[in-house]
There are 2 protein chains.
Amino acid sequence: MPPFGLLIHGGAGVLLRSEVSPALDQACRSALTEALAAGYAQLESGRPALDAVVAAVRVLEDSPLFNAAHGAVLTADGLCELDAAIMDGRTRAAGAVAGVKHIRNPIALAYDVMTRSEHVMLAGEGAERFAERIGYALVDNDYFQTERRRQQLRRAKEIEAGPADPLKAAQAQQERVGFVTVDDHDDGPQGCPAEERKWGTVGCVALDRHGHLAAGTSTGGMTNKKFGRVGDSPIIGAGTYADDATCAVSATGHGEFFIRSVVGHDIAAQLAYAHRPLAAAAATTLAKVGALGGTGGLIALDAQGNFTLPFNTPGMFRGVHLSGGPHAVMLYGDEST
Amino acid sequence: MPPFGLLIHGGAGVLLRSEVSPALDQACRSALTEALAAGYAQLESGRPALDAVVAAVRVLEDSPLFNAAHGAVLTADGLCELDAAIMDGRTRAAGAVAGVKHIRNPIALAYDVMTRSEHVMLAGEGAERFAERIGYALVDNDYFQTERRRQQLRRAKEIEAGPADPLKAAQAQQERVGFVTVDDHDDGPQGCPAEERKWGTVGCVALDRHGHLAAGTSTGGMTNKKFGRVGDSPIIGAGTYADDATCAVSATGHGEFFIRSVVGHDIAAQLAYAHRPLAAAAATTLAKVGALGGTGGLIALDAQGNFTLPFNTPGMFRGVHLSGGPHAVMLYGDEST
C-alpha cells in the first residue's frame, strides 16, 4: 500500500512550555487534532490531496486560536485582511487571494480561483467581486475579529507610538521619515507578551492514495499591518508550493524573508536538481532564511511519504498523520514524532 | 576588466516582420535603444546594477509603446492598474507593488518598497498610501491611458460579448457560469489584430562593475483585466529574480504559467544545484512553461556576463549592451546578436 497522509502547521514562534497555560495548550492540541482528522478523513476515503488541504485548513481558519480567518490579527485600520493560496502537485495548477476582508474561508476561495478562473492570483476587492460572481456570500469583517486580537492591536499601537517623553517621540518620528516602520513581526511586535511573539499562519501539505501532492496556506498577516502588505503565504513558490515530482511545502514565519528565499520552490529545486533528500533540503533552505535574519518554520512532504517539520523558532504548532506512520500533534521544540 | 552591462525586454508575442509598419518598427527600436543607453550610462559610471535597472525600466514605462505605466493596457473598468518588482542580487533584497493606479513609475516605487520599508510586497491603495507617506505625488490615472489602449479595450469587450446572435450569446453566458472567463492573454485577447497578440511587459537585468546583479519588471497586466488579477511580474521568484550567486531574470508572457513554473528561481536553481549553464537552464525552464501551455519569453544574465534572451513566441522586443560585447536591439525571431 502506498503511503498517504498530511502535515499541518498553525504558526511558529516563541512558544515556551513554561509560558503557555494548560488550558491554552489543550485548546491548541484539540484544534490541531481536529484539523488533522478532517484532512485525513478525506484522504482515507480516496479523495484528492487538494480536498484534504482545504478541509484541514478550513478547521484552522474557523478556530479563533490561529492567525487566519476567524481570529486573524488586525491591520492598523482595525480590520482583518486575509491571504491564502493552494497548489495542486498533480498539475501545478495554483490559486491565491491577497487582502480579502469578507471571505469566510480564504482557502476555499483560493481553490476556486485555481479551478474556476483562468488566473492564479486575485487581490483585494477584485478577488471579492470574483467570489460574489461565483456565488459566495460576503461576510462582515466583524466575523473575523476577536477581542484578543483587538488587544494585541492596541498594544502594538502603544509600542509603535513609543515613549511618552516628547523628545524621544520626536526622535522616533524622525527615524521614521526615511525608513517607514510598520511592524516588526507577524502577529505581534517585539516587546509584546510571549504568546504574541509568534507567526500564526496556518497551512497543510497532503499526499493522497493516488500519489498526488497538494499544499495550502492561509494567514491574517501582521498585527498593525499597513500599506496593503502581502507576505509569503499567497506567493506561489514562497509560502506555498506543490509538485508531485518533488514535494509540497507550506511555510509560516517572517514572510519577507520567505519570499526573498523562494522557500517552497528552493526546497523542491534541491530535490529536482541536486537529488537531495527532503529533510536535508528543507533544513538548507530554512538555514538560508535564518542567514538573512528570518524566523519561522515549514512543513514539507514528498510523494514517497517522507516528511519534515523544521523551524528556527522555539516552537511551532504542528501535526502529522501518515497511514501506517506517525500520528501526533506538537507545540514545543522538545516534542518529536 | 570584468564585464558589465544589461539586457532589456519590452514584451513578447506575435511580432511578424510583415505585420509591423516601418514607422512602428523604428519607434520601438528607438525606445529600446534609449532604455539600453540609460541603463548602460549608469553602469559605465560605476553605479549599482539596481540603478541601471530603474533607469532602463523608467524609459520603457514612460514610452507609450509598451504595456507599462504610460501606455499600459486598460482593465475592464477602463483604468490602468500597474504591477512592478525589483530585486537586488547582492543582498537578495526585493520590492514589489501590485495593482497601483496613480504611480507614474511603478519600478521606482518597487525600489522604495525594497529600500525604505520593511516589506517586500505592497498591494493596491495601501501601496499608494506608502508612496504618499514617503513623498510621492500621485498622478491621475488618465496620465497612463492612451487612445490605442482604449480601442484595444473596446475590441476586447466586443469579443467578450460574443456574437450578436442571442442564442449563441446565451450559450456563451452559460459557459461563463462555471468558468469565469476574463481574458485569454496579457495585452489583448485571441482574435485581435496581430500587434495586440503580444505580452507588453517590460523588464531589465543588469550586471555592474562590482559584479552585482539586479532585475526589474513592470507591467500593466491584461487588457480587460478583472477581479484584481496579479500576474508574474511582481512575484519574486516568478517574473523577477536576482541573486549574485546565480543569475538575474525578468520575464514577460502569460503570467499564470510563469507563476506556476516559478520561472526566475527555477533558472537560478538549475545553476545553483545542477551547475547547468545559464542558456541551457533558461531554455529548460521556458520549455516547462510551454509544456503547461504558456507563451512568452525572458531575459537572464549571470555574474560572469553570460546572457540569454529566449522566447517561445514569434518575436520579443529585446536589447543587450555588454561591455566589450554585443550591443543590439531586436524585435523579431530571426534577429540575433
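Here the structure is a predicted model, which means the values were calculated and not measured.

Observations regarding the pairing of strand β10 (residues 247-253) of chain B
Residues and elements named next belong to chain B.
Right, on to step 1. The buried fraction of β10 amounts to seven of the seven residues, a majority that puts the element mostly inside the structure.
Right, on to step 2. Of the two faces of β10, the one carrying Cys247, Val249, Ala251 and Gly253 and the one carrying Ala248, Ser250 and Thr252 are both buried.
Right, on to step 3. With three bridges joining them, strand β9 (residues 240-242) and β10 adopt antiparallel strand pairing. Residue pairing in the sheet places Tyr241 in a bridge with Val249 of β10.
Right, on to step 4. The antiparallel pairing of β9 with β10 creates a hairpin that spans four residues between the two strands.
Right, on to step 5. For β10 and strand β11 (residues 296-302), the ladder comprises seven bridges, and the chain directions are antiparallel. Residue pairing in the sheet places Val249 in a bridge with Ala300 of β11.

Re the sheet that holds strand β12 (residues 307-308) of chain A
Hydrogen bonds along the backbone pair up the strands of a sheet, which may run parallel or antiparallel.
Residue and element names in this part refer to chain A.
Right, on to step 1. What the four strands build is an open sheet, ordered β9-β10-β11-β12; its pairing is antiparallel. Edge strands, defined here as strands with exactly one partner in the open sheet, are β9 (240-242) and β12.
Right, on to step 2. The sheet contacts of helix α8 (residues 263-274) involve β9, β10 (247-253) and β11 (296-302), and relative to β10 the element is tilted by about 145 degrees.
Right, on to step 3. The strands touched by helix α9 (residues 278-292) are β10, β11 and β12; relative to β11, the strand with the most contacts, the crossing angle is about 155 degrees.

What about the interface of chain A and chain B?
Right, on to step 1. Contacts between the two partners involve 52 residues from chain A, matched on the other side by 52 residues from chain B.
Right, on to step 2. Roughly 4500 Å² is buried in total at the junction of chain A and chain B, and carbon and sulfur atoms are behind 58% of that figure.
Right, on to step 3. By the criterion of area lost to chain B, the three top residues of chain A are Glu118, Phe227 and Tyr273 of chain A, representing 18% of everything that side buries.
Right, on to step 4. Remark: the boundary between chain A and chain B carries two salt bridges.
Right, on to step 5. Of the charged contacts in the structure, one is a salt bridge between Arg129 of chain B and Asp77 of chain A, with a shortest N-O distance of 3.9 Å.
Right, on to step 6. Joining chain A to chain B, the criterion identifies 19 residue pairs in polar contact (both at pLDDT 80 or more).
Right, on to step 7. Looking at side-chain class alone, the side of chain A that touches chain B contains 26 nonpolar, twelve polar and 14 charged residues.
Right, on to step 8. For strand β4 (residues 121-123) of chain A and strand β8 (residues 229-230) of chain B, the ladder comprises two bridges, and the chain directions are antiparallel.

Points about unusual backbone geometry
All names here are of chain A.
Right, on to step 1. The residue Arg92 is not glycine, and still its phi comes out positive at about 55 degrees.
Right, on to step 2. Counting through the fold element by element, Arg92 comes out in the loop between β2 (82-88) and β3 (93-100).
Right, on to step 3. A positive phi angle, close to 50 degrees, is found at His275, a residue other than glycine.
Right, on to step 4. By secondary structure assignment, the location of His275 is in the loop between α8 and α9.

Points about the relation of the copies chain A and chain B
Each of the two copies of the chain can be brought onto the other by a rotation about an axis and a shift along it.
Right, on to step 1. For these two chains of identical sequence, chain A goes onto chain B by a turn of 180 degrees and a shift of 0.0 Å along the axis, with RMSD 0.0 Å. Such a combination of turn and shift is consistent with a two-fold rotation axis.
Right, on to step 2. A shared interface surface links the copies, since 100% of the contact residues of chain A are contact residues in chain B too.

A word on the pairing of β11 of chain B
Residue and element names in this part refer to chain B.
Right, on to step 1. β11 sits mainly inside the fold: seven of its seven residues count as buried.
Right, on to step 2. Both faces of β11 are covered, namely the face carrying Gly296, Leu298, Ala300 and Asp302 and the face carrying Gly297, Ile299 and Leu301.
Right, on to step 3. Sheet topology places β11 next to strand β12 (residues 307-308); two bridges connect them, and they run antiparallel. The partner of Leu301 across the bridge, within β12, is Phe307.
Right, on to step 4. In this structure, the hairpin formed by β11 and β12 is closed by a connection of four residues, where Gly305 is found at a positive phi of approximately 90 degrees.

Some words on the nonpolar core
Side chains that are nonpolar tend, in soluble globular proteins, to be buried together.
Right, on to step 1. Formed by 94 residues in total, the largest nonpolar core has its most connected members in Ile267 of chain A together with Ile267 of chain B.
Right, on to step 2. The residues contacting Ile267 of chain A, other than those within four sequence positions of it, are Cys247, Val249, Leu278, Ala281, Ala282, Thr285 and Leu298 of chain A.

Digging into the environment of Val97 of chain A
All names here are of chain A.
Right, on to step 1. Here Val97 shows up in strand β3.
Right, on to step 2. A relative accessible area of 0% places Val97 in the buried class.
Right, on to step 3. Residues Val97 and Val113, spaced 16 residues apart in sequence, show a C-alpha to C-alpha distance of 7.9 Å.
Right, on to step 4. In this structure Val97 touches Leu82, Asp83, Ala84, Pro106, Leu109, Ala110, Val113, Leu122, Ala127 and Pro234, once residues within four positions along its chain are discounted.

Focus on helix α1 (residues 22-44) of chain A
Working note: α-helix, 3.6 residues per turn, so residues spaced by three or four point in the same direction.
Residues and elements named next belong to chain A.
Right, on to step 1. The first and last C-alpha atoms of α1 sit 32 Å apart over 23 residues, in line with the 33 Å expected at 1.5 Å per residue.
Right, on to step 2. Within α1 the residues assigned to the buried category are Asp25, Cys28, Arg29, Ala31, Leu32, Ala35, Leu36, Gly39, Tyr40 and Leu43.
Right, on to step 3. Contacts made by the buried residues of α1 are with β1 (5-13), α2 (49-62), β6 (202-207), β13 (315-322) and β14 (327-332).
Right, on to step 4. At the C-terminal side of α1, Gly46 shows a positive phi close to 90 degrees.

As for the packing of helix α8 (residues 263-274) of chain B against helix α9 (residues 278-292) of chain B
The geometry of a pair of packed helices is captured by two quantities: the angle between their axes and the separation between those axes.
Residues and elements named next belong to chain B.
Right, on to step 1. At a closest axis distance of 9 Å, the pairing of α8 and α9 adopts a crossing angle of 140 degrees. The angle between the axes of α8 and α9 places the two elements in the oblique class. The two elements α8 and α9 meet at a crossing, and its hand is right-handed. The segment α8 lies against α9, with Val263, Asp266, Ile267, Gln270 and Leu271 engaging Leu278, Ala281, Ala282, Thr284, Thr285, Lys288 and Val289.
Right, on to step 2. Partitioned by chemical class, the residues of the contact of α8 with α9 number seven nonpolar, three polar and two charged.

Some words on the sheet that holds β9 of chain B
Residue and element names in this part refer to chain B.
Right, on to step 1. Read across the open sheet, the four strands follow the order β9-β10-β11-β12; overall the sheet is antiparallel. Edge positions in the sheet fall to β9 and β12, since each of these pairs with one other strand and no more.
Right, on to step 2. The strands that α8 touches are β9, β10 and β11; relative to β10, the one it contacts most, it runs at about 145 degrees.

Observations concerning the environment of Glu128 of chain A
Right, on to step 1. Residue position: Glu128 of chain A is located in helix α4 (residues 124-133).
Right, on to step 2. Residues within four places of Glu128 of chain A in sequence aside, it is in contact with Val100, Lys101, His102, Ile103 and Leu138 of chain A.

Section: the confidence of the model for chain A
Residue and element names in this part refer to chain A.
Right, on to step 1. Averaged over every residue, the pLDDT of chain A is 89; the share at 70 or more is 89%.
Right, on to step 2. Below pLDDT 50 for its whole length, residues 170-196 participates in 72 contacts with residues either more than four positions away or in separate chains.
Right, on to step 3. Our summary of model confidence lists the complex with pTM equal to 0.91 and ipTM equal to 0.90.

Focus on helix α2 (residues 49-62) of chain B
Residues and elements named next belong to chain B.
Right, on to step 1. The end-to-end C-alpha separation of α2 is 20 Å, in line with the 20 Å expected for 14 residues at 1.5 Å each.
Right, on to step 2. The element α2 is largely enclosed, with a buried count of twelve among its 14 residues.
Right, on to step 3. When we look at burial in α2, the residues that qualify are Ala49, Leu50, Asp51, Ala52, Val53, Val54, Ala55, Ala56, Val57, Val59, Leu60 and Glu61.
Right, on to step 4. In this structure, the buried residues of α2 make contact with β1 (5-13), α1 (22-44), β2 (82-88), α3 (106-116), β6 (202-207) and β7 (213-219).

Things to note about the packing of α3 of chain B against helix α4 (residues 124-133) of chain B
All names here are of chain B.
Right, on to step 1. Contact geometry for α3 and α4: axes closest at 11 Å, N-to-C directions at 75 degrees. By the criterion of interaxial angle, the relationship of α3 to α4 is roughly perpendicular. Taking contact as the criterion, the partners of Leu109, Asp112, Val113 and Arg116 in α3 are, on α4, Ala127, Phe130 and Ala131.

Cut-offs and rules
- Each chain has its residues counted from 1, running along the sequence as written.
- Numbering of ligands from 1 and lettering of chains from A proceed in the order in which they are written.
- Local features are withheld for residues below a pLDDT of 70 in this predicted model, meaning they are given only at 70 or higher, and side-chain atom pairs are given and counted only at 80 or more; totals for whole chains, interfaces and linings count all residues.
- Each side-chain value is derived from all of the structure's non-hydrogen atoms; neither hydrogens nor water enter the calculation.
- Residue exposure (1.4 Å probe, protein chains only): buried if accessible area is under 20% of the type maximum, exposed if over 50%, otherwise partly exposed.
- Strands here are runs of E lasting at least two residues and helices are runs of H or I lasting at least four, both read from the DSSP assignment and numbered beginning at the N terminus.
- Two strands are counted as paired when DSSP detects at least two bridges linking them.
- Only heavy atoms matter for contacts: two residues are in contact if any of them lie within 4.5 Å across the pair.
- For every element, the axis is a line fit to its C-alpha atoms; helices are fit only across the contacting stretch, and the angle between N-to-C directions ranges from 0 to 180 degrees.
- Buried area is a sum: the accessible area each of two parts loses on coming together, probed at 1.4 Å, counted once for each and added.
- Any carboxyl oxygen of Asp or Glu that lies within 4 Å of a side-chain nitrogen of Lys or Arg is treated as forming a salt bridge with it.
- Residues adjacent in sequence count toward polar contacts only when both atoms are side-chain atoms; beyond that, a polar contact is any pair of N or O atoms within 3.5 Å, and within protein one must be able to donate a hydrogen and the other to accept it.
- Side-chain classes are defined by residue name, with Ala, Val, Leu, Ile, Met, Phe, Trp, Tyr, Cys and Pro counting as nonpolar, Asp, Glu, Lys and Arg as charged, and the others, Gly among them, as polar.
- Here the copies are superposed with least squares, the fitted atoms being C-alpha atoms of residues at a pLDDT of at least 70 in both.
- Definition used in this section: a nonpolar core is a set of buried Ala, Val, Leu, Ile, Met, Phe, Trp, Tyr and Cys residues joined via side-chain atoms within 4.5 Å.
- Here the expected length of a helix is defined as 1.5 Å per residue gap, with one fewer gap than residues.
- Angles are sorted into four bins: roughly parallel if under 35 degrees, roughly antiparallel if over 145, roughly perpendicular if 65 to 115, and oblique for all others.
- A crossing counts as left-handed when the near helix is turned anticlockwise from the far one by less than a right angle, and as right-handed when that turn is clockwise.
- pLDDT measures the predictor's confidence residue by residue and takes values from 0 up to 100.

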